[in-house]
Amino acid sequence: MDGQTPPEPTGYIRSRGMRFPKHPQIMQGKIRRLLRNNDYEAKEAEAAMRVVREGDVVVELGGGIGFMSTLVATKRAIKSVHVFEANPNLIPYIQSVHEANGVTNAHVTNAILGPRKGSADFYIREPMLGSSLEVLEGEVDPPSVKVDVLNAKTTFKEIGANVLICDIEGAEVDLIPSIDLTGLRAAIIETHPQWIGPEGMNKVMRAFMDAGLAYYHRGSHGKVLAFRDRW
């Protein structure tokens, strides 16, 4: 066995030294392949390793499969990571990923952040990762659940957040300019220019710059943008 890759443990997929429990509705072909090849969220992972530091308090908007929260919690000695995920069906899986990797400083909340408290409709689809806050073209009365909307400014202050990681599938153009980002040291955001267009991209970029954060070229790659208060 010397020099060979150890066999994958039964029930897990390994990626970047992390373990992801196999799940029939989540661990489907493309995701399995990307994880095994260390290509899943590769640009975001590189950005996080350049931006996140020891002692940071990280807020992640859009928890997905728990990849980014587990990455920063296991690769950097952060104080804590706080995940806000709209899809209630993903919450148990994210928590199982944290448990499988010995993460004890992660907090997962089934909610989204916004400029004020309230609620929103979240549309459930199969595959699970295709669910979203928007009705897709051609859909008629898709199944939905009500999800809490928490005040972003209050939440950031209560948590003491200084780093933001955000992937919210095009909703960044509405959320980012509407919240107070001035307490952040750094941010990583996956943008969706194909959906929000040049005007939307400018709104997102301007919001970070108005908060005193500068575009950080070493952490940015394509649609994944990194910002820091200083280089």
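Predicted model, so just to flag it, every value in this text is computed and none were measured.

A. Spotlight on the sheet that holds strand S7 (residues 144–151). Read from one edge to the other, the open sheet built from nine strands follows the order S6-S7-S5-S4-S3-S8-S9-S11-S10, with strand pairing classed as mixed. Each edge of the open sheet carries a strand with a single partner, namely strand S6 (118–123) and strand S10 (214–215). As paired elements, strand S9 (residues 186–190) and strand S11 (residues 224–228) share five bridges and run antiparallel to each other. Paired with Ala186 across the strands is Arg228, a residue of S11.

B. Region of interest: unusual backbone geometry. Its identity is not glycine, yet Arg16 carries a phi of approximately 50°, on the positive side. Looking at the element boundaries, Arg16 is found in the loop between strand S1 (12–15) and strand S2 (18–21). For Arg16, a relative accessible area of 31% translates into the label partly exposed. At Glu41, a position not held by glycine, the phi torsion is positive, near 50°.

C. Representation of the pattern of salt bridges within the structure. The final tally for this structure, using the stated rule, is five salt bridges. Arg50 is the partner of Glu46 in a salt bridge, and the nearest nitrogen-oxygen pair spans 3.8 Å. On the criterion of helical spacing, the pair formed by Glu46 and Arg50 is a turn pair, its members being four residues apart in helix H2 (residues 42–51). Take Arg50: its relative accessible area is 39%, and that puts it in the partly exposed class.

D. Region of interest: the pairing of strand S5 (residues 106–114). Sheet analysis places strand S4 (residues 80–85) next to S5, joined by five bridges and oriented parallel. Counterpart to Phe84 in the pairing with S5 is Thr109. One crossover worth recording links S4 to the parallel S5 by way of helix H4 (residues 91–100), and it is right-handed. As paired elements, S5 and S7 share four bridges and run parallel to each other. Residue pairing for S7: Ala111 is matched across the bridge by Asp148.

E. Highlighting the packing of aromatic side chains. Considering all chains together, one arrives at five aromatic pairs under this definition. Ring geometry for Phe20 versus Phe67: centroids 5.8 Å apart, planes at 15°, classification stacked. Here Phe20, found in strand S2, pairs with Phe67, found in helix H3 (residues 67–75); they are 47 residues apart in sequence, far enough to count as distant. Note on Phe20: relative accessible area 0%, which makes it buried. With a relative accessible area of 1%, Phe67 lands in the buried category. The interplanar angle of 80° and the centroid separation of 6.5 Å between the aromatic rings of Tyr215 and Phe227 together place this pair among those described as edge-to-face.

F. Quick look at the pairing of S4. Most of S4 sits inside the fold, with six of its six residues counted as buried. Residues Ser80, His82 and Phe84 line one face of S4 and the alternating positions Val81, Val83 and Glu85 line the opposite face, and both faces are buried. Bridge count for strand S3 (residues 57–61) against S4 is five bridges, and the pairing is parallel. Directly across from Val57, in S4, lies its bridge partner Ser80.

Conventions adopted
Residues numbered from 1 in each chain as written. Predicted model: local features only at pLDDT ≥ 70, side-chain atom pairs only at ≥ 80, totals over all residues. Heavy atoms only, no water. Pairing = 2+ DSSP bridges. Helix = DSSP H or I, 4+ residues; strand = E, 2+ residues; numbered from the N terminus. Buried < 20%, exposed > 50% of the residue type's maximum accessible area, 1.4 Å probe, protein only. Salt bridge = Lys/Arg side-chain N within 4 Å of Asp/Glu carboxyl O. Right-handed = clockwise from strand over helix to strand, strands pointing away. Phe/Tyr/Trp six-rings, centres within 6.5 Å; stacked < 30°, edge-to-face > 60°.

So far we have only geometry, and geometry alone does not tell us how the molecule works.
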